[in-house]
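Descriptive structure summary
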Amino acid sequence: MLNIKIFGIVQGVGFRPFVKNLADAHKIFGNVANRGSYVEIFAQGSELDLENFLRALQNENPPRSAILKIDVENLPDENFSDFKIVESVHEAGDIFVSPDIAICEKCSEELFNPDNRRYLHPFINCTACGPRLTILRNMPYDRERTSMSDFPMCDACKEEYFDKNSRRFDAQPICCNDCGCEVYLLGKNLRGHDAIKFARKILAGGGIVAVKGIGGFHLACDARNFSAVQKLRNSKTRPTKPFAVMFRNISAVEQECFLSAEEKIFLDSPQKPIVLLNKKSGTIAENVAPDINKLGAMLPYTPLHLLFFDFPDEIIFPDALVMTSGNPSGVPITIDDEDALKNFDFCDAILSHNRKILLRADDSVMDFIDNRPSMIRRSRGYAPLPVFYDSNKKSVLAIGGELKNTFCLAKNNLLYASPYIGDVGDLRTVEVLESSIARMKDLLEISPEIIACDLHPRYQTTLLAEKISAEFNLPPVKVQHHYAHILSCMAENNFHGEIIGVAFDGTGFGDDGTIWGGEFFICNEKTYRRAAHIEKFLQAGGDKSAREGWRIALAFIKNLDIARELKLADEKNLRGQKFLLDKNINCVTSTSVGRIFDAVAAVLGICKVSTYEGEAAMKLQACAERSDKNFRAECKNSEEIFNEILTRRLLGENICDLARLFHERLSEMTAQICEELSLQTKIKTVALSGGVFQNSLLSSLTTEKLRRRGLKVLRHELIPPNDGGICIGQAVHALQEKIF
Ligand code: ZN
Ligand code: ZN
Ligand code: FE
């Protein structure tokens, strides 16, 4: 008899029924059980049958599953007379919690088949699709441990649930039109299909609807309707930050965007992320993503989304909806009715449902660089899939950074990053962070032995780390922000040892108390040395200096007449800022490359004040991409680069050419510094990380220039280069601590 243990994403993807069917097909007796951390099989049969069974297990695994490891052991035979699925027995170990999975093709077909008993059922799902992480209370994944435990199955659903030949055999969120959850309008007496029809009518008529999804509420409106989009912008106090758009189907996407084969694969994958695509001049309202050449596109991923677009009634419905996270600014996504009523009073309707969301999950956002994915926000569909990194077996909680927060739980060489939490400036976000940590600790059964956090003394996340670690009598391990960026890139690439790390981003606390953000490290997992950095400059004006690029520009220009000529700001502001700089009041020393992007965008007149993080950099890149000018490679330091752009701008050169020149010069400088460091140290590998490397033009140019110098380049793909990834780096460093 064989004892087989299968590790991986085997929970909630129909793995046990799959095993049972294979066993029956290969005349195998025994049983299969869900052990929480793995699936265990006892298999008895002829040697040949067992061999075929094992091969089939490895080669034919069900969709959405991912086998990471199979252990096989020979045991003496027992008295089995058939093959059974054993009820869940719980054992501690490596836990693999499945992310939420978009509706599958078969369920989509049934949804619109009038002969099917789940015709137009907004919660149709099966063993291969549906919510997972967001409805899970504890492991192992069984109905009673999900928020579906509130809904007893009807007889017909029960039959499918227990029928091994059914697509819904063992499907935990199973329900139908006769049982299970339902949709309804808040504050109106409309439920089910009537509620959906009502919401459709409002959307088609230019109204705004809040709609509860898998991981939280969205705010939706017709993406072609300028005034509807403007009303949403005004209500959300979000003047220009791009909105994501959900399209009816792939061909609707292709009407509005260019779509490569690779982008299509990710766009239509079971994760269904938002993918940033190059816009065509189509019918999407200009104010959906103003002044940038990309559009965040996604496809419907729940049955309710599909019903929005294609419900069989007389309403003519748009092909594209703005779908933006439903949250008041600075606060995590709304998940329950009470908050929805409070937060969405400006909406024309709130379409909710009674399946509880236990853990928030925003939509994931992905860009492409050189035809490879580049994750910007890793959340629904991806979290909490682990990153593998050989270190030690200890368990760590890394709290992450202050902006775009995610946290990480690590154990047994597996780093599990949480779904997106958000910016932790607001105390309500701290609460969500704390409760999400508690839930993930339960789900993954990790009790951390050490806590890691950022080095910044005043971050809410640092304070939280200190509070949590006080319970353990252990101080938190504080990891320098940019070092954590580099470590996260090393972890994603499973790289160990010495490396040259280039971390370019907006803001991070340096170990000398100044602002860092243009750093070159020589480092490994244990320690780092700041080997080089861009030229220091003065950042004056506190928080404003992070949003108002003209303030940084003035620090470089130093001359009021030139600032006036460039119309950087009005006279009063210019004089005020000049005063601060001259007298060194409210000034900090900074090496932030993010701020240099802001300053260059201001000098070129592209963006003087950002209304959202990264606005100036995105617009500068978009402008650079409109230029096809080639410049001779010249290596200058960052101050010289700024002055060259300024001089050529004053001579009246084309601003897009100059935006392009800036990207060229910056990448050349980066490659040159790395080459020098490589000559000094004999290190041949460079890691690129930090939010600035979300810029696909800069990433691409820098990579090319480094490779031409014979250096190997590690980049991010599925872990964000921005602060959403640093929890992984913090965990990697904490795992090196001697405290264990
Ligand atoms: Zn399905
Ligand atoms: Zn039912
Ligand atoms: Fe950062």
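Read on for a plain summary of the structure.

Rules of the game
- Residues numbered from 1 in each chain as written.
- Chains lettered and ligands numbered in written order.
- Predicted model: local features only at pLDDT ≥ 70, side-chain atom pairs only at ≥ 80, totals over all residues.
- Heavy atoms only, no water.
- Helix = DSSP H or I, 4+ residues; strand = E, 2+ residues; numbered from the N terminus.
- Rg over C-alpha atoms; globule rule 2.2 N^0.38 Å.
- Buried < 20%, exposed > 50% of the residue type's maximum accessible area, 1.4 Å probe, protein only.
- Donors = N, O, S within 2.8 Å, 3.2 Å for Na, K, Ca; no water.
- Tetrahedral: all angles 85-135°; square planar, octahedral: opposite > 155°, others 65-115°.
- Pairing = 2+ DSSP bridges.
- Axes fitted to C-alpha atoms, helices over the stretch in contact; angles between N-to-C directions.
- Contact = heavy atoms within 4.5 Å.
- Disulfide = S-S within 2.5 Å.
- Expected span 1.5 Å × (residues − 1).
- Polar contact = N/O pair within 3.5 Å; in protein donor to acceptor, adjacent residues only side chain to side chain.
- Core = buried A, V, L, I, M, F, W, Y, C linked by side-chain atoms within 4.5 Å.
- Parallel < 35°, antiparallel > 145°, perpendicular 65-115°, else oblique.
- Left-handed = near helix turned anticlockwise from the far one by under 90°.
- Nonpolar A, V, L, I, M, F, W, Y, C, P; charged D, E, K, R; others polar.
- Salt bridge = Lys/Arg side-chain N within 4 Å of Asp/Glu carboxyl O.

Here the focus is the overall build of the protein. Helix and strand counts for the protein come out as 23 helices and 28 strands. Rg of the C-alpha trace for the protein: 27 Å, near the compact-globule value of 27 Å for 740 residues, within the 12% margin. The C-alpha extent of the protein, read off along each of the three principal axes, is 90 × 65 × 50 Å. Burial statistics for the protein: of 740 residues in total, 62% are counted as buried.

Before going further, it helps to examine the coordination of the zinc ion (ligand 1). Octahedral metals with six donors have ideal donor angles of 90 or 180 degrees. Tetrahedral metals with four donors have an ideal donor angle of 109.5 degrees. Protein coordination at the zinc ion (ligand 1): the donors are Cys104 (SG), Cys107 (SG), Cys126 (SG) and Cys129 (SG), at 2.3 Å from the metal. Coordination at the zinc ion (ligand 1) is tetrahedral: its four donor atoms span angles of 106 to 115° at the metal. Binding-site remark: the zinc ion (ligand 1) is held by donors from one chain whose sequence spacing is C-x2-C-x18-C-x2-C. Pair noted here: Cys107 is in helix H3 (residues 105-111) and Cys129 is in the loop between H3 and helix H4 (155-162), with a separation of 22 residues, a long-range link. With relative accessibility at 0%, the residue Cys107 sits in the buried group.

Overall, mixed pairing links the 10 strands, which are arranged S6-S13-S7-S8-S12-S9-S11-S10-S14-S15 in an open sheet. Edge positions in the open sheet fall to strand S6 (183-185) and strand S15 (372-377), since each of these has one partner strand only. Sheet twist, expressed as the average angle between the axes of neighbouring strands with direction ignored, equals 35°. Helix H6 (residues 226-235) rests against strand S8 (217-222) and strand S12 (320-325) of the sheet, and its axis sits at about 150° to S8. On top of the sheet, helix H9 (residues 303-310) reaches S6, strand S7 (209-212), S8, strand S9 (244-247), S12 and strand S13 (349-353); it is set at about 145° to S12, its chief contact.

The subject of this paragraph is the state of the cysteines. What the rule picks out here adds up to zero disulfides. Among the cysteines around Cys221, which has no disulfide bond, Cys347 carries the closest sulfur, lying 9.8 Å off. Given a relative accessible area of 0%, Cys221 falls into the buried group. Between Cys607, a free cysteine, and Cys623, which holds the nearest cysteine sulfur, the sulfur-to-sulfur gap is 12 Å. Judged by its relative accessible area of 7%, Cys607 is buried.

Its location among the elements puts Ser678 in helix H21 (residues 655-681). Apart from the residues lying within four places of it in its own chain, the contact partners of Ser678 are Ile500, Ile683, Lys684 and Leu711.

With 27 residues, H21 extends 39 Å from end C-alpha to end C-alpha; this agrees with the ideal 39 Å at 1.5 Å per step. Most of H21 is tucked away: 20 of the 27 residues are buried. The residue sitting at the N-terminus of H21 and contributing the capping side-chain oxygen is Asn654; that oxygen lies 2.7 Å from the backbone nitrogen of Cys656. Phi turns positive, to about 70°, at Lys682, one or two residues after H21.

As a further point, take the nonpolar core. In terms of nonpolar packing, the biggest core is built from 65 residues, with Phe504, Phe520, Leu568, Phe642 and Phe662 touching the most fellow members. Per-element accounting of this core gives the leading share, 11 residues, to H21. Core analysis: the second largest hydrophobic core is formed by 54 residues, Ala102, Met148, Tyr161 and Val211 among them.

With respect to the helices and strands, the residue Glu644 is situated in helix H20 (residues 638-650). Considering only alpha carbons, one finds Glu644 and Glu668, 24 residues apart in sequence, at a separation of 14 Å. Residues within four places of Glu644 in sequence aside, it is in contact with Lys636, Leu661 and Arg665. Here the side chain of Glu644 touches Arg648 through a polar contact of 2.7 Å, side chain to side chain.

A word on the coordination of the zinc ion (ligand 2). Looking at the zinc ion (ligand 2), the protein donor atoms are Cys154 (SG), Cys157 (SG), Cys176 (SG) and Cys179 (SG), and they sit 2.2 to 2.3 Å from it. The site at the zinc ion (ligand 2) holds four donor atoms, and with the angles between them running 103 to 120°, its shape is tetrahedral. All donors of the zinc ion (ligand 2) come from a single chain, and their spacing in sequence reads C-x2-C-x18-C-x2-C. Here the residue Cys157 occupies a position in helix H4, and Cys179 occupies one in the loop between H4 and S6, the gap between them amounting to 22 residues. Of the two residues, Cys157 and Cys179, neither departs from the other in class, the shared state being buried.

Attention now goes to the packing of helix H15 (residues 549-557) against helix H17 (residues 571-583). Here H15 crosses H17 at 55°, and the two axes come no closer than 10 Å. By the angle class used here, H15 and H17 are oblique. For the pair H15 and H17, the sense of crossing is right-handed. Every residue of H17 that contacts H15 at Trp550, Arg551, Leu554 and Ala555 is listed here: Asn573, Leu574, Gln577, Lys578 and Leu581. Taken together, the residues of the contact of H15 with H17 sort by class into five nonpolar, two polar and two charged.

Glancing now at the pattern of salt bridges. Where charged atoms from two side chains of opposite charge come close, those side chains can pair. All chains considered together, the criterion is met by 53 salt bridges. Residue Arg167 is joined to Glu110 by a salt bridge in which the shortest nitrogen-to-oxygen separation is 2.8 Å. One end of the pair, Arg167, is in the loop between H4 and S6; the other, Glu110, is in helix H3, with 57 residues separating them in the sequence. Accessibility expressed as a relative area gives 24% for Arg167, which makes it partly exposed. Judged by its relative accessible area of 17%, Glu110 falls in the buried class.

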